[in-house]
Amino acid sequence: MLNLVVLTGAGVSAESGIPTFRGKEGLWKNFKPEELATPEAFRKNPKLVWEWYDWRRQLISKAEPNKAHKLLAQLNAVIITQNVDGLHQRAGTKKVIELHGNIWRVRCTSCGKEYENYEVPLREIPPKCKFCNGLLRPAVVWFGESLPMDALEEAERLAKSCEVFLVVGTSGVVYPAGLLPFVAKEHGAKVVEINPESTPISEIADIVIREKASVGVEKFIQTMLNL
Ligand code: OAD
């Protein structure tokens, strides 16, 4: 079996009805990241930030893993994801490295405890900590924040040691996640990109599959089987 590692972005969940960030219908067309996805924005207006997250949690709670999530789960590869929606886990992938956190986890800004919270919609906005009644924040990574060290280190180690690095549905413009395909390539992996649009990763990819994730992953599997 090939040593395969997968990196995914918002595009893999697009066919589940979850909007991507960039592109024609991306979230950042109608919303400003600096008002919603930074520590400063949260300090200034936690209610507004939580309203946006509550809306996204509602969308995600109604979504199901799509064919791409399911096919990727069957590959038994580690999935490194920038997504916070938890759909890879719901599709059955055993090992998911979440570089940007998870929208179903919350962290207390007072006592620091982090725990799962599946309340949809939230009863109280902004929500309060069940341990100390402090202000909760989503346990996700915002712009200007560091990625979880363990997750990033493991992702880098995997990128350096795999034979095939499959990239599905990411614009590749958010770092350090966007650098991982370059790290993999530098260390001798074949890079395969699945994305209907061109990205900076396309330039270094050994194989580019210009399809939506569901069709693209199916084609990828067919190609692997024929090798
Ligand atoms: P983006 O929204 O930047 O990019 C989504 C990519 O998916 C684009 O390259 C699209 O062409 C592609 N795409 C769209 N539909 C697709 C489909 N059906 N199948 C396959 N690909 C499709 O999302 P990310 O690259 O994940 O971070 O963005 C990275 C980070 O930027 C996110 O984790 C988030 C965002 O701001 C934070 O919030 C910190």
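Each chain carries its own residue numbering, running from 1 in the direction its sequence is written. Local features in this predicted model are restricted to residues of pLDDT 70 or higher, and side-chain atom pairs are both shown and tallied only at a pLDDT of 80 or more, whereas totals for entire chains, interfaces and linings draw on every residue. Values shown for side chains rest on all heavy atoms present in the structure; no hydrogens or waters enter the calculation.

(A) Representation of the domain arrangement of the protein. Note that the domain bounds were set by an automatic or database domain assignment. Taken domain by domain, the protein consists of domain 1 (1-17 + 65-100 + 147-227) and domain 2 (19-62 + 101-140). Put simply, the middle of domain 1 and the middle of domain 2, counted by C-alpha atoms, are 25 Å apart. Each partner contributes residues to the interface: domain 1 has 16 residues there, and domain 2 has 11 residues. Buried area is a sum: the accessible area each of two parts loses on coming together, probed at 1.4 Å, counted once for each and added. Of the roughly 970 Å² buried at the junction of domain 1 and domain 2 (both faces included), carbon and sulfur atoms supply 53%. Summed over the three residues of domain 1 that lose the most area to domain 2, namely A10, V84 and D85, the buried surface amounts to 41% of that side. By definition, a salt bridge exists where a carboxyl oxygen of Asp or Glu is found within 4 Å of a side-chain nitrogen of Lys or Arg. Counting across the interface, domain 1 meets domain 2 through zero salt bridges. What qualifies as a polar contact is a pair of N or O atoms within 3.5 Å, subject to a donor-acceptor requirement within protein and to the restriction that residues adjacent in sequence count only when both atoms come from side chains. If you look at where domain 1 meets domain 2, you find two residue pairs in polar contact (both at pLDDT 80 or more). Note that Gly is not counted as nonpolar here; it falls among the polar residues with everything else outside the nonpolar set of Ala, Val, Leu, Ile, Met, Phe, Trp, Tyr, Cys and Pro and the charged set of Asp, Glu, Lys and Arg. Partitioned by chemical class, the residues of the side of domain 1 that touches domain 2 number six nonpolar, seven polar and three charged. Contacts were defined at the residue level, with two residues in contact if any of their heavy atoms lie within 4.5 Å.

(B) Region of the structure containing the site of the ligand. By convention in this text, a residue qualifies as near a molecule or strand provided that one of its non-hydrogen atoms is within 4 Å of it. As a matter of local geometry, the ligand sits amid 22 residues, with F21, R22, T170, S171 and N195 nearest to it. Take T170: an N or O atom from its side chain is 2.5 Å from an oxygen atom of the ligand. Separating a nitrogen atom of the ligand from a backbone N or O atom of A213 is a distance of 2.8 Å. In the complex, the protein chains occlude 91% of the 790 Å² of accessible area that the ligand would expose alone. Considering only residue class, the shell around the ligand consists of nine nonpolar, nine polar and four charged. Only the protein chains shown count as cover for residues, with accessible areas throughout obtained via the Shrake-Rupley method and a probe of 1.4 Å.

(C) Focus on the packing of aromatic side chains. Each pair of aromatic rings taken from Phe, Tyr and Trp, with Trp reduced to its six-membered ring, is defined by centres within 6.5 Å and is described as stacked if the planes are under 30 degrees apart, edge-to-face if over 60, and tilted in the remaining cases. Taken as a whole and judged by the stated rule, the model has 10 aromatic pairs. When the ring of F31 is compared with that of W52, the centres are 5.8 Å apart and the planes differ by 55 degrees; the resulting orientation is tilted. With F31 in the loop between helix 1 (27-30) and helix 2 (33-36) and W52 in helix 4 (residues 46-62), this residue pair connects regions lying 21 residues apart in the sequence. Burial here depends on accessible area, computed with a 1.4 Å probe over protein chains only, as a share of the maximum for the residue type. Under 20% is buried, over 50% is exposed, and the range in between is partly exposed. Residue classification places W52 among the buried residues on the basis of a relative accessible area of 5%. Ring geometry for W104 against Y118: centres 5.6 Å apart, planes inclined by 20 degrees, an arrangement best described as stacked. In this pair, W104 is assigned in strand 4 (residues 101-108) and Y118 in the loop between strand 5 (114-116) and strand 6 (136-140), connecting sequence segments 14 residues apart. Accessibility expressed as a relative area gives 53% for Y118, which makes it exposed. Taken together, the ring pairs connect F21, W28, F31, F42, W52, Y53, W55, W142 and F143 into an aromatic cluster. Whether a charge sits over a ring comes down to the Lys NZ or Arg CZ being within 6 Å of the ring centre and within 35 degrees of the ring normal. For K113, the ring lying beneath its charged end belongs to F131, and the centroid distance is 4.8 Å. Note that R137 overlies the ring of W142, its terminal NZ or CZ placed 3.9 Å from the centroid. Only runs of H or I of at least four residues qualify as helices and only runs of E of at least two qualify as strands under DSSP, and these elements are numbered from the N terminus.

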